[in-house]
Amino acid sequence: MPDFAWMAWTWQTATFFAVIAGLLALMTALAVSRPETERVGILRIPTTRGDRLFLTLVGAAFINLAWLGLVGPSLEWALALSLVYGAVMFRFA
């Protein structure tokens, strides 16, 4: 059994990776039950659910990094802004 003590897992890190794994499992289940179709939204490019998930995750990372650099370490509002951004991406993109 490999030694993972060097990773310094915290509950926040474990939650982050569990949420990402859950999102990937959900997207897989949705792709099996309801096949994806590309659609063109405000980005003016054809996107699938997976594309919109990727854009949402990248955008949320940038929102949180910008918040850390410009506002400070309190990330509650950055999380709320990221959730709104994700809802907009999945609805309109």
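Residue numbers restart at each chain and count upward from 1, following the sequence in its written direction. Residue-level local features of this predicted model are given only where pLDDT is at least 70; pairs of side-chain atoms are given and counted only at 80 or more, and the full residue set underlies all totals for whole chains, interfaces and linings. No hydrogens and no water enter the side-chain calculation; it runs on all heavy atoms of the structure.

1. Focus: the packing of helix α1 (residues 11-33) against helix α2 (residues 49-70)
To keep things clear, this is the line we draw: Whenever a helix is involved, its axis is fitted only over the stretch in contact; in every case the axis is a line through C-alpha atoms, and angles between N-to-C directions fall within 0 to 180 degrees. In this text, helices come from DSSP runs of H or I with a minimum length of four residues, and strands from runs of E with a minimum of two, each type numbered from the N-terminal end. Here roughly perpendicular refers to angles of 65 to 115 degrees, roughly parallel to angles under 35, roughly antiparallel to angles over 145, and oblique to all remaining angles. In this scheme the handedness of a crossing depends on how the near helix is turned from the far one: anticlockwise by less than a right angle means left-handed, clockwise means right-handed. Every residue pair with non-hydrogen atoms within 4.5 Å of one another is taken to be in contact. In this classification, Asp, Glu, Lys and Arg are treated as charged, Ala, Val, Leu, Ile, Met, Phe, Trp, Tyr, Cys and Pro as nonpolar, and every other residue, Gly included, as polar.
It is the contact of α1 with α2, at a shortest axis distance of 11 Å, that shows an interaxial angle of 165°. As the angle between them shows, α1 and α2 are arranged roughly antiparallel. Along this stretch, α1 crosses α2, giving a crossing that reads as right-handed. Between α1, through I20, L23, M27, L30 and A31, and α2, the contact on the second element is made entirely by R49, G50, L53 and L57. Residue composition of the contact of α1 with α2, by class: seven nonpolar, one polar and one charged.

2. Notes on the packing of aromatic side chains
Aromatic ring pairs are reported here in terms of the distance separating the ring centres and the angle at which the planes meet. Our working rule: Aromatic rings from Phe, Tyr and Trp, taking only the six-membered ring of Trp, are treated as a pair when their centres fall within 6.5 Å; an angle between ring planes under 30 degrees marks them as stacked, one over 60 as edge-to-face, and anything in between as tilted. The buried label applies to any residue whose accessible area, calculated with a 1.4 Å probe on protein chains only, is under 20% of its type's maximum; exposed applies above 50%, and partly exposed to all values in between.
Scanning the model with the defined rule gives one aromatic pair in all. Here the aromatic rings of F16 and F17 are separated by 5.2 Å at their centres, their planes lie at 80°, and the arrangement is edge-to-face. Since its relative accessible area comes to 44%, F17 is described here as partly exposed.

3. A few points about the environment of G86
Within the element layout of this structure, G86 appears in helix α3 (residues 76-92). Residue class for G86 comes out buried when judged on its relative accessible area of 9%. Sequence spacing of G86 and A29 is 57 residues, and the spatial spacing of their C-alpha atoms is 19 Å.

4. Some remarks on the confidence of the model for the protein
So the rule is basically this: By definition, pLDDT measures how confident the predictor is in each residue, and it falls between 0 and 100.
Looking at the protein, the pLDDT average stands at 90 and 97% of residues meet or exceed 70. At the level of individual helices and strands, the protein shows its lowest average pLDDT in strand β1 (residues 39-40), which scores 90, and its highest in α2, which scores 95.

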